[in-house]
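Chain residues, written in single-letter form:
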Amino acid sequence: MKMQDQFLVPDYYQKFECKGGACRHSCCEGYQVNVTMKEYFDLKALECSEPLRRHLDDALCLHGYPDENKYAHLSHAWDGRCRMHGQDGLCELHGECGADALPSVCRYYPRSPLTKYRPECSCANACEGVLEELFRHQDKISFEHQELEFDLAGDRTCSQTDTAIRIYAAVRHLMFLELQDRRVPVGRRIELARHDLEKLPHGHVYDAEFQKRAEWLCDRAAMVELTSEQNTTMQELFMLPAGTLFMLLREFGKMYDSIEKYAEKAQEFEDTAGIMDQLQLQQAWEQAAGRFPEISLYMEQMMVNHVFYTGFPFADERADWGEHGLVLTVTYELLKVLIAVCLDEQADMTMLTDLCADYFRMTEFTGFAHNVLVLLNHQSDDRPDGNDRNDLYTAG
(Lines give C-alpha, C1' and ligand atoms only; values in the text may rest on other atoms or scores of the structure.)
Protein backbone atom coordinates (compact mmCIF):
# COMPACT_ATOMS: atom_id res chain seq x y z
CA MET A 1 0.00 0.00 0.00
CA LYS A 2 1.49 3.33 -1.06
CA MET A 3 0.86 6.20 1.32
CA GLN A 4 1.96 9.80 1.38
CA ASP A 5 1.13 11.91 4.40
CA GLN A 6 2.34 14.39 6.99
CA PHE A 7 4.21 12.20 9.47
CA LEU A 8 5.20 13.26 12.99
CA VAL A 9 8.96 12.68 13.24
CA PRO A 10 11.69 13.47 15.80
CA ASP A 11 13.83 16.49 15.03
CA TYR A 12 16.93 14.40 14.22
CA TYR A 13 15.09 12.36 11.55
CA GLN A 14 16.36 14.19 8.47
CA LYS A 15 19.93 14.23 9.80
CA PHE A 16 20.23 10.46 9.88
CA GLU A 17 22.41 8.91 7.18
CA CYS A 18 23.16 5.22 6.69
CA LYS A 19 26.85 4.43 7.33
CA GLY A 20 26.85 1.78 4.62
CA GLY A 21 29.99 -0.35 4.58
CA ALA A 22 31.43 1.53 7.58
CA CYS A 23 28.71 0.19 9.90
CA ARG A 24 29.88 -2.19 12.63
CA HIS A 25 26.33 -3.51 13.29
CA SER A 26 25.03 -4.07 9.80
CA CYS A 27 21.30 -4.59 9.51
CA CYS A 28 22.27 -7.26 6.95
CA GLU A 29 23.37 -9.51 9.83
CA GLY A 30 21.17 -11.32 12.32
CA TYR A 31 17.73 -10.02 11.34
CA GLN A 32 15.08 -12.14 9.67
CA VAL A 33 13.85 -10.04 6.77
CA ASN A 34 10.27 -10.88 5.75
CA VAL A 35 9.05 -10.23 2.22
CA THR A 36 5.54 -9.93 0.86
CA MET A 37 4.10 -12.17 -1.85
CA LYS A 38 4.56 -9.40 -4.42
CA GLU A 39 8.16 -8.80 -3.36
CA TYR A 40 8.87 -12.54 -3.48
CA PHE A 41 7.74 -12.94 -7.08
CA ASP A 42 9.32 -9.63 -8.11
CA LEU A 43 12.66 -10.92 -6.79
CA LYS A 44 12.15 -14.29 -8.46
CA ALA A 45 11.57 -12.56 -11.82
CA LEU A 46 14.29 -9.92 -11.37
CA GLU A 47 16.78 -9.63 -14.21
CA CYS A 48 20.25 -9.69 -12.67
CA SER A 49 23.69 -11.24 -12.95
CA GLU A 50 24.16 -14.98 -12.48
CA PRO A 51 26.00 -14.66 -9.13
CA LEU A 52 23.27 -12.40 -7.70
CA ARG A 53 20.58 -14.75 -9.01
CA ARG A 54 22.22 -17.66 -7.15
CA HIS A 55 22.32 -15.62 -3.96
CA LEU A 56 18.69 -14.58 -4.33
CA ASP A 57 17.48 -18.12 -5.03
CA ASP A 58 19.43 -19.46 -2.05
CA ALA A 59 18.07 -16.72 0.20
CA LEU A 60 14.37 -16.68 -0.65
CA CYS A 61 12.61 -19.13 1.66
CA LEU A 62 8.84 -19.55 1.92
CA HIS A 63 7.23 -19.34 5.36
CA GLY A 64 5.52 -22.45 6.65
CA TYR A 65 2.18 -20.64 6.73
CA PRO A 66 2.59 -17.78 4.27
CA ASP A 67 0.13 -14.97 3.76
CA GLU A 68 0.11 -12.06 1.35
CA ASN A 69 2.00 -9.70 3.66
CA LYS A 70 4.43 -12.22 5.21
CA TYR A 71 5.02 -14.67 2.41
CA ALA A 72 8.72 -15.53 2.66
CA HIS A 73 11.97 -14.42 4.27
CA LEU A 74 15.62 -14.01 3.33
CA SER A 75 17.54 -16.88 4.90
CA HIS A 76 21.06 -16.28 6.18
CA ALA A 77 24.36 -17.77 5.17
CA TRP A 78 26.21 -19.98 7.68
CA ASP A 79 27.77 -16.95 9.40
CA GLY A 80 24.43 -15.17 10.01
CA ARG A 81 24.92 -12.65 7.21
CA CYS A 82 22.41 -11.93 4.49
CA ARG A 83 23.46 -13.75 1.32
CA MET A 84 23.44 -10.42 -0.56
CA HIS A 85 25.76 -8.76 1.97
CA GLY A 86 29.00 -8.13 0.10
CA GLN A 87 32.52 -8.22 1.50
CA ASP A 88 32.61 -4.43 1.26
CA GLY A 89 29.69 -4.24 3.71
CA LEU A 90 27.25 -3.11 1.02
CA CYS A 91 24.18 -4.82 -0.42
CA GLU A 92 24.82 -6.54 -3.76
CA LEU A 93 21.14 -6.36 -4.69
CA HIS A 94 21.06 -2.60 -4.05
CA GLY A 95 24.34 -2.05 -5.86
CA GLU A 96 23.36 -3.94 -8.99
CA CYS A 97 19.63 -3.29 -9.28
CA GLY A 98 18.99 -0.14 -7.26
CA ALA A 99 16.99 0.69 -4.13
CA ASP A 100 13.63 -0.02 -5.79
CA ALA A 101 14.53 -3.72 -6.06
CA LEU A 102 14.91 -4.07 -2.28
CA PRO A 103 12.17 -5.48 -0.04
CA SER A 104 10.46 -2.68 1.88
CA VAL A 105 12.06 -3.77 5.17
CA CYS A 106 15.54 -3.29 3.71
CA ARG A 107 14.59 -0.11 1.86
CA TYR A 108 13.31 1.75 4.92
CA TYR A 109 15.25 0.38 7.91
CA PRO A 110 15.99 1.80 10.48
CA ARG A 111 12.99 3.99 9.74
CA SER A 112 9.66 2.56 10.86
CA PRO A 113 6.31 4.23 10.10
CA LEU A 114 3.44 3.85 12.57
CA THR A 115 -0.06 4.55 11.30
CA LYS A 116 -2.51 2.87 13.68
CA TYR A 117 -3.45 6.10 15.49
CA ARG A 118 -1.73 8.81 13.46
CA PRO A 119 1.16 8.93 10.96
CA GLU A 120 4.46 8.79 12.88
CA CYS A 121 7.94 7.70 11.90
CA SER A 122 11.31 7.46 13.61
CA CYS A 123 14.48 5.37 13.58
CA ALA A 124 15.50 2.36 15.68
CA ASN A 125 18.00 2.58 18.53
CA ALA A 126 19.37 -0.75 17.23
CA CYS A 127 21.13 1.22 14.47
CA GLU A 128 24.50 2.57 15.54
CA GLY A 129 24.15 5.53 13.18
CA VAL A 130 20.94 6.54 14.96
CA LEU A 131 22.62 6.26 18.36
CA GLU A 132 25.56 8.38 17.22
CA GLU A 133 23.14 11.05 16.06
CA LEU A 134 21.25 10.89 19.37
CA PHE A 135 24.45 11.17 21.40
CA ARG A 136 25.36 14.36 19.54
CA HIS A 137 21.91 15.78 20.28
CA GLN A 138 22.16 18.06 23.33
CA ASP A 139 18.65 19.53 23.34
CA LYS A 140 15.46 17.74 24.28
CA ILE A 141 14.06 15.81 21.34
CA SER A 142 11.21 17.71 19.75
CA PHE A 143 8.77 16.53 17.10
CA GLU A 144 7.69 18.06 13.81
CA HIS A 145 5.61 17.14 10.79
CA GLN A 146 7.24 16.16 7.51
CA GLU A 147 5.72 14.82 4.33
CA LEU A 148 6.91 11.25 3.79
CA GLU A 149 6.01 8.52 1.34
CA PHE A 150 6.09 4.77 1.97
CA ASP A 151 5.10 1.65 0.07
CA LEU A 152 4.08 -0.77 2.84
CA ALA A 153 2.53 -4.20 3.11
CA GLY A 154 -1.12 -4.38 4.15
CA ASP A 155 -3.68 -1.70 4.83
CA ARG A 156 -2.09 1.01 6.99
CA THR A 157 -5.11 3.32 7.09
CA CYS A 158 -5.91 4.72 10.52
CA SER A 159 -9.24 3.28 11.69
CA GLN A 160 -9.36 4.69 15.23
CA THR A 161 -12.05 7.00 16.57
CA ASP A 162 -11.29 10.69 17.09
CA THR A 163 -11.43 10.13 20.86
CA ALA A 164 -8.91 7.26 20.67
CA ILE A 165 -6.56 9.40 18.58
CA ARG A 166 -6.76 12.27 21.10
CA ILE A 167 -6.08 9.85 23.96
CA TYR A 168 -3.09 8.42 22.09
CA ALA A 169 -1.70 11.90 21.52
CA ALA A 170 -2.24 12.95 25.16
CA VAL A 171 -0.65 9.84 26.70
CA ARG A 172 2.31 9.96 24.33
CA HIS A 173 2.82 13.65 25.09
CA LEU A 174 2.69 12.84 28.81
CA MET A 175 5.47 10.27 28.37
CA PHE A 176 7.71 12.74 26.53
CA LEU A 177 7.10 15.48 29.10
CA GLU A 178 8.08 13.18 31.95
CA LEU A 179 11.02 11.47 30.24
CA GLN A 180 12.56 14.85 29.37
CA ASP A 181 12.03 16.49 32.76
CA ARG A 182 15.68 17.27 33.47
CA ARG A 183 14.98 18.43 37.01
CA VAL A 184 15.30 14.82 38.21
CA PRO A 185 17.43 11.77 37.27
CA VAL A 186 16.27 9.67 34.32
CA GLY A 187 15.42 6.68 36.49
CA ARG A 188 13.10 8.81 38.58
CA ARG A 189 11.43 10.10 35.40
CA ILE A 190 10.82 6.50 34.30
CA GLU A 191 9.18 5.73 37.63
CA LEU A 192 6.99 8.84 37.46
CA ALA A 193 5.85 7.82 33.99
CA ARG A 194 5.11 4.33 35.28
CA HIS A 195 3.06 5.66 38.19
CA ASP A 196 1.04 7.93 35.89
CA LEU A 197 0.30 5.05 33.53
CA GLU A 198 -1.10 3.14 36.51
CA LYS A 199 -3.53 6.04 37.07
CA LEU A 200 -5.14 5.57 33.67
CA PRO A 201 -8.53 3.81 33.58
CA HIS A 202 -8.25 0.04 33.48
CA GLY A 203 -8.48 -1.57 30.05
CA HIS A 204 -8.46 -0.08 26.58
CA VAL A 205 -11.91 1.43 26.26
CA TYR A 206 -11.08 4.84 24.84
CA ASP A 207 -14.05 6.97 25.87
CA ALA A 208 -14.53 10.57 26.99
CA GLU A 209 -13.73 9.72 30.63
CA PHE A 210 -10.44 8.12 29.60
CA GLN A 211 -9.58 11.18 27.51
CA LYS A 212 -10.35 13.49 30.43
CA ARG A 213 -8.02 11.55 32.75
CA ALA A 214 -5.20 11.40 30.19
CA GLU A 215 -5.39 15.12 29.43
CA TRP A 216 -5.50 15.98 33.14
CA LEU A 217 -2.31 13.97 33.76
CA CYS A 218 -0.66 15.68 30.82
CA ASP A 219 -1.62 19.18 32.00
CA ARG A 220 -0.43 18.40 35.51
CA ALA A 221 2.96 17.16 34.27
CA ALA A 222 3.43 20.31 32.19
CA MET A 223 2.51 22.51 35.16
CA VAL A 224 4.88 20.69 37.53
CA GLU A 225 7.79 21.16 35.13
CA LEU A 226 7.07 24.87 34.81
CA THR A 227 6.71 25.57 38.52
CA SER A 228 9.25 23.24 40.17
CA GLU A 229 12.93 23.93 40.71
CA GLN A 230 15.63 21.59 39.45
CA ASN A 231 16.90 19.07 42.01
CA THR A 232 20.64 18.68 41.42
CA THR A 233 21.24 16.52 44.50
CA MET A 234 18.89 13.62 43.74
CA GLN A 235 20.87 10.43 43.13
CA GLU A 236 20.30 8.07 40.18
CA LEU A 237 19.28 4.85 41.97
CA PHE A 238 18.20 1.42 40.78
CA MET A 239 14.48 0.90 41.38
CA LEU A 240 14.36 -2.88 40.87
CA PRO A 241 16.18 -5.47 43.02
CA ALA A 242 19.64 -6.40 41.76
CA GLY A 243 18.77 -10.09 41.96
CA THR A 244 15.78 -9.61 39.65
CA LEU A 245 17.81 -7.68 37.09
CA PHE A 246 20.57 -10.29 36.97
CA MET A 247 18.00 -13.09 36.71
CA LEU A 248 16.50 -11.40 33.66
CA LEU A 249 19.92 -10.96 32.07
CA ARG A 250 20.74 -14.65 32.60
CA GLU A 251 17.53 -15.65 30.83
CA PHE A 252 17.79 -13.14 28.00
CA GLY A 253 21.43 -14.06 27.41
CA LYS A 254 20.28 -17.61 26.64
CA MET A 255 17.54 -16.40 24.31
CA TYR A 256 19.07 -13.57 22.29
CA ASP A 257 22.42 -13.68 20.50
CA SER A 258 22.78 -9.90 20.43
CA ILE A 259 23.32 -9.66 24.20
CA GLU A 260 24.81 -13.10 24.92
CA LYS A 261 28.36 -11.82 25.45
CA TYR A 262 27.14 -9.01 27.71
CA ALA A 263 25.01 -11.40 29.78
CA GLU A 264 28.11 -13.57 30.27
CA LYS A 265 30.05 -10.57 31.59
CA ALA A 266 27.16 -9.78 33.92
CA GLN A 267 27.30 -13.35 35.18
CA GLU A 268 31.04 -12.98 35.83
CA PHE A 269 30.37 -9.79 37.78
CA GLU A 270 27.68 -11.52 39.81
CA ASP A 271 29.90 -14.54 40.52
CA THR A 272 32.76 -12.28 41.64
CA ALA A 273 30.52 -10.16 43.83
CA GLY A 274 29.00 -13.17 45.59
CA ILE A 275 25.66 -12.22 47.08
CA MET A 276 24.51 -9.38 44.87
CA ASP A 277 23.10 -6.33 46.60
CA GLN A 278 21.97 -2.88 45.53
CA LEU A 279 25.08 -1.15 46.91
CA GLN A 280 27.53 -3.11 44.75
CA LEU A 281 25.45 -2.49 41.64
CA GLN A 282 25.03 1.18 42.49
CA GLN A 283 28.78 1.59 42.91
CA ALA A 284 29.43 -0.05 39.55
CA TRP A 285 26.95 2.30 37.88
CA GLU A 286 28.50 5.39 39.47
CA GLN A 287 31.93 4.30 38.23
CA ALA A 288 30.55 3.87 34.72
CA ALA A 289 28.84 7.26 34.93
CA GLY A 290 32.20 8.76 35.84
CA ARG A 291 33.68 7.35 32.62
CA PHE A 292 30.85 8.81 30.55
CA PRO A 293 30.00 12.22 32.08
CA GLU A 294 27.06 12.75 29.73
CA ILE A 295 25.53 9.31 30.28
CA SER A 296 22.33 10.82 31.73
CA LEU A 297 21.80 12.75 28.48
CA TYR A 298 22.48 9.64 26.39
CA MET A 299 20.03 7.58 28.43
CA GLU A 300 17.34 10.23 28.09
CA GLN A 301 17.73 10.46 24.34
CA MET A 302 17.68 6.68 23.90
CA MET A 303 14.61 6.16 26.08
CA VAL A 304 12.64 8.98 24.43
CA ASN A 305 13.50 7.65 20.99
CA HIS A 306 12.65 4.09 22.06
CA VAL A 307 9.24 5.18 23.37
CA PHE A 308 8.46 7.06 20.17
CA TYR A 309 9.74 4.31 17.86
CA THR A 310 7.78 1.48 19.50
CA GLY A 311 4.48 3.36 19.87
CA PHE A 312 4.71 2.98 23.66
CA PRO A 313 2.46 2.37 25.54
CA PHE A 314 -0.03 1.42 22.80
CA ALA A 315 1.95 -1.31 21.04
CA ASP A 316 0.34 -4.29 22.83
CA GLU A 317 -3.21 -4.03 24.14
CA ARG A 318 -2.93 -7.42 25.87
CA ALA A 319 -0.92 -5.75 28.64
CA ASP A 320 -2.43 -3.29 31.09
CA TRP A 321 -1.00 0.18 31.67
CA GLY A 322 0.90 -0.79 34.79
CA GLU A 323 2.57 -3.67 32.95
CA HIS A 324 3.66 -1.32 30.19
CA GLY A 325 5.20 0.92 32.84
CA LEU A 326 6.98 -2.04 34.43
CA VAL A 327 8.47 -3.11 31.09
CA LEU A 328 9.73 0.44 30.52
CA THR A 329 11.42 0.39 33.92
CA VAL A 330 13.03 -2.99 33.17
CA THR A 331 14.17 -1.77 29.74
CA TYR A 332 15.95 1.17 31.33
CA GLU A 333 17.44 -0.64 34.30
CA LEU A 334 18.77 -3.64 32.36
CA LEU A 335 20.63 -1.23 30.08
CA LYS A 336 22.07 0.49 33.14
CA VAL A 337 23.28 -2.86 34.50
CA LEU A 338 25.01 -3.76 31.24
CA ILE A 339 26.74 -0.38 31.05
CA ALA A 340 27.77 -0.68 34.70
CA VAL A 341 29.25 -4.18 34.54
CA CYS A 342 30.42 -4.54 30.91
CA LEU A 343 32.27 -1.29 30.23
CA ASP A 344 35.56 -1.07 32.13
CA GLU A 345 38.10 1.74 32.50
CA GLN A 346 39.25 1.34 28.88
CA ALA A 347 35.72 1.68 27.47
CA ASP A 348 35.13 4.46 24.94
CA MET A 349 32.16 5.88 23.05
CA THR A 350 32.44 3.22 20.35
CA MET A 351 32.09 0.45 22.94
CA LEU A 352 29.15 2.23 24.58
CA THR A 353 27.43 2.66 21.21
CA ASP A 354 28.01 -0.99 20.31
CA LEU A 355 26.56 -2.22 23.60
CA CYS A 356 23.47 -0.03 23.30
CA ALA A 357 22.86 -1.00 19.65
CA ASP A 358 23.08 -4.70 20.54
CA TYR A 359 20.77 -4.20 23.50
CA PHE A 360 18.05 -2.40 21.54
CA ARG A 361 18.26 -5.02 18.81
CA MET A 362 16.84 -7.30 21.48
CA THR A 363 14.29 -4.93 23.03
CA GLU A 364 12.88 -3.52 19.77
CA PHE A 365 12.84 -6.59 17.50
CA THR A 366 11.94 -9.55 19.67
CA GLY A 367 9.23 -10.58 22.13
CA PHE A 368 11.22 -8.83 24.87
CA ALA A 369 8.31 -6.98 26.52
CA HIS A 370 6.17 -10.12 26.64
CA ASN A 371 9.05 -12.17 28.03
CA VAL A 372 9.81 -9.64 30.78
CA LEU A 373 6.28 -10.11 32.11
CA VAL A 374 6.48 -13.90 31.80
CA LEU A 375 9.77 -14.11 33.69
CA LEU A 376 8.67 -11.72 36.43
CA ASN A 377 5.41 -13.62 36.86
CA HIS A 378 7.28 -16.89 37.15
CA GLN A 379 9.58 -15.32 39.74
CA SER A 380 6.61 -14.22 41.84
CA ASP A 381 4.75 -16.70 44.02
CA ASP A 382 1.59 -14.60 43.89
CA ARG A 383 1.22 -14.20 40.13
CA PRO A 384 -2.45 -13.73 39.22
CA ASP A 385 -4.53 -16.72 38.21
CA GLY A 386 -5.58 -16.91 34.61
CA ASN A 387 -2.55 -15.05 33.28
CA ASP A 388 -2.14 -16.25 29.71
CA ARG A 389 1.52 -15.19 29.37
CA ASN A 390 2.79 -18.68 30.13
CA ASP A 391 5.08 -19.14 27.11
CA LEU A 392 8.28 -17.32 26.34
CA TYR A 393 8.74 -15.92 22.84
CA THR A 394 12.14 -17.08 21.63
CA ALA A 395 11.98 -15.41 18.22
CA GLY A 396 11.47 -11.84 17.10
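How each quantity is defined
Residues numbered from 1 in each chain as written. Predicted model: local features only at pLDDT ≥ 70, side-chain atom pairs only at ≥ 80, totals over all residues. Heavy atoms only, no water. Helix = DSSP H or I, 4+ residues; strand = E, 2+ residues; numbered from the N terminus. Expected span 1.5 Å × (residues − 1). Buried < 20%, exposed > 50% of the residue type's maximum accessible area, 1.4 Å probe, protein only. Axes fitted to C-alpha atoms, helices over the stretch in contact; angles between N-to-C directions. Parallel < 35°, antiparallel > 145°, perpendicular 65-115°, else oblique. Contact = heavy atoms within 4.5 Å. Nonpolar A, V, L, I, M, F, W, Y, C, P; charged D, E, K, R; others polar. Phe/Tyr/Trp six-rings, centres within 6.5 Å; stacked < 30°, edge-to-face > 60°. Pairing = 2+ DSSP bridges. Patch = residues over 30% accessible without salt bridge, like charges linked within 9 Å, V, L, I, M, F, W, Y side chains within 5 Å. Areas by Shrake-Rupley, 256 points an atom, 1.4 Å probe, with all protein chains shown as cover. Salt bridge = Lys/Arg side-chain N within 4 Å of Asp/Glu carboxyl O. Lys, Arg positive; Asp, Glu negative; His and termini not counted. Charge placed at Lys NZ, Arg CZ, Asp CG, Glu CD. Core = buried A, V, L, I, M, F, W, Y, C linked by side-chain atoms within 4.5 Å. 1 Å grid on protein atoms, 1.4 Å probe; cavity = no way out; pocket = protein on both sides within 12 Å on 5 of 7 lines; lining within 4 Å. Points joined across faces, edges and corners; volume = space filled by probe spheres on them. pLDDT = per-residue confidence, 0-100.

1. Here's the deal with helix 12 (residues 295-310)
The α-helix advances 3.6 residues per turn, and as a result positions three or four apart in sequence lie on the same side. Compared with an ideal rise of 1.5 Å per residue, which puts 16 residues at 22 Å, helix 12 spans 22 Å between its outermost C-alpha atoms and is within 8% of the ideal. Of all 16 residues that make up helix 12, 14 are buried, and the element is covered over most of its length. Directly after helix 12, the chain includes Gly311, whose backbone phi takes a positive value near 75°.

2. Overview of the packing of helix 9 (residues 242-255) against helix 13 (residues 321-342)
At a closest axis distance of 10 Å, the pairing of helix 9 and helix 13 adopts a crossing angle of 85°. With respect to helix 13, the element helix 9 is oriented roughly perpendicular. Touching Leu245, Phe246, Leu248, Leu249 and Phe252 of helix 9 are Val330, Glu333, Leu334, Val337, Leu338 and Val341, all from helix 13. When its residues are assigned to classes, the contact of helix 9 with helix 13 shows 10 nonpolar, no polar and one charged.

3. Topic: the packing of aromatic side chains
A ring pair, where both rings are aromatic, is described by two values, the distance of the centres and the angle of the planes. Tallying each qualifying case throughout the model produces 23 aromatic pairs. Ring geometry for Tyr109 against Phe365: centres 5.9 Å apart, planes inclined by 55°, an arrangement best described as tilted. Taken together, the residues span a long stretch of sequence, with Tyr109 in the loop between helix 4 (104-108) and strand 5 (111-114) and Phe365 in helix 14 (residues 349-365) at a distance of 256 residues. Ring plane angle 65° and centroid distance 5.8 Å describe the contact between Phe210 and Trp321, whose orientation is recorded as edge-to-face. Pair noted here: Phe210 is in helix 8 (residues 208-227) and Trp321 is in helix 13, with a separation of 111 residues, a long-range link.

4. Regarding the packing of helix 11 (residues 278-291) against helix 13
The packing of two helices is summarised by the inter-axis angle and the distance between the axes. The geometry of helix 11 relative to helix 13 is characterised by a closest axis approach of 8 Å and an angle of 75° between their N-to-C directions. In terms of orientation, helix 11 lies roughly perpendicular with respect to helix 13. Packed against helix 11, whose contacting residues are Leu281, Ala284, Trp285, Ala288 and Arg291, the element helix 13 presents Lys336, Val337, Ile339, Ala340 and Val341 at the interface. Partitioned by chemical class, the residues of the contact of helix 11 with helix 13 number eight nonpolar, no polar and two charged.

5. Digging into the sheet that holds strand 2 (residues 33-35)
Strand pairing in a sheet takes place through backbone hydrogen bonds and is either antiparallel or parallel in direction. In space, the three strands of this open sheet follow the order 2-4-3, with antiparallel pairing throughout. At either margin of the open sheet sits one strand with a lone partner, and together these are strand 2 and strand 3 (60-62). Between one strand axis and the next, the sheet turns through 35° on average, direction left out of account. Lying over the sheet, helix 2 (residues 50-59) contacts strand 3 and strand 4 (72-74), oriented at roughly 25° with respect to strand 3.

6. Considerations on the pairing of strand 6 (residues 120-123)
Side chains of strand 6 alternate between two faces, with Glu120 and Ser122 and Cys121 and Cys123 buried alike. As defined by bridge partners, strand 5 adjoins strand 6 across four bridges and the pair is classed as antiparallel. Among the inter-strand pairings, Ser112 is bridged to a residue of strand 6, identified as Ser122. The hairpin turn running from strand 5 into strand 6, its antiparallel successor, is five residues long.

7. A word on a negative patch on the surface
Together, Asp257, Glu260, Glu264, Glu268 and Asp271 make up a negatively charged patch on the protein surface. Along the chain, Asp257 turns up in the loop between helix 9 and helix 10 (260-273). What makes Asp257 exposed here is its relative accessible area of 69%.

8. Remarks on the pattern of salt bridges
Using the criterion set out here, one finds 26 salt bridges in the structure. Of the charged contacts in the structure, one is a salt bridge between Glu128 and Arg24, with a shortest N-O distance of 3.4 Å. On the criterion of sequence distance, the pair formed by Glu128 in helix 5 (residues 128-136) and Arg24 in the loop between strand 1 (2-10) and strand 2 is long-range, its members being 104 residues apart. Judged by its relative accessible area of 0%, Glu128 falls in the buried class. Given the relative accessible area of 37%, Arg24 is considered partly exposed. Of the charged contacts, one joins Arg24 and Glu132 as a salt bridge, the two residues approaching to 3.8 Å between their closest N and O atoms. Of this pair, Arg24 sits in the loop between strand 1 and strand 2 while Glu132 is found in helix 5, placing the two residues 108 residues apart along the sequence. On the basis of relative accessibility, which here comes to 22%, the residue Glu132 falls in the partly exposed class. Connected through salt bridges with shared partners, the residues Lys19, Arg24, Glu128, Glu132 and Asp354 form a single ionic network.

9. What to know about the nonpolar core
Counting residues in each nonpolar core, the largest one holds 104 residues, and the members touching the most others are Phe252 and Ile339. For this core, the leading source of residues is helix 13, giving 14 residues.

10. With respect to the layout of surface pockets
Of the volumes computed, that of the second largest pocket is approximately 450 Å³. As for the second largest pocket, its lining consists of 21 residues, of which Thr36, Lys38, Glu39, Asp42 and Asp151 are closest to the centre. Those elements that place two or more of their residues in the lining of the second largest pocket are helix 1 (37-44) and helix 4. Looking at the lining of the second largest pocket, the element that brings in the most residues is helix 1, giving five residues.

11. Regarding the confidence of the model for the chain
When pLDDT is averaged across the chain, the result is 89; 92% of the residues are at 70 or more. Per-element mean pLDDT across the chain ranges from 83 in helix 8 up to 97 in helix 12. Counting interchain partners and residues more than four positions distant, the pLDDT-below-50 stretch residues 383-389 has 10 contacts.

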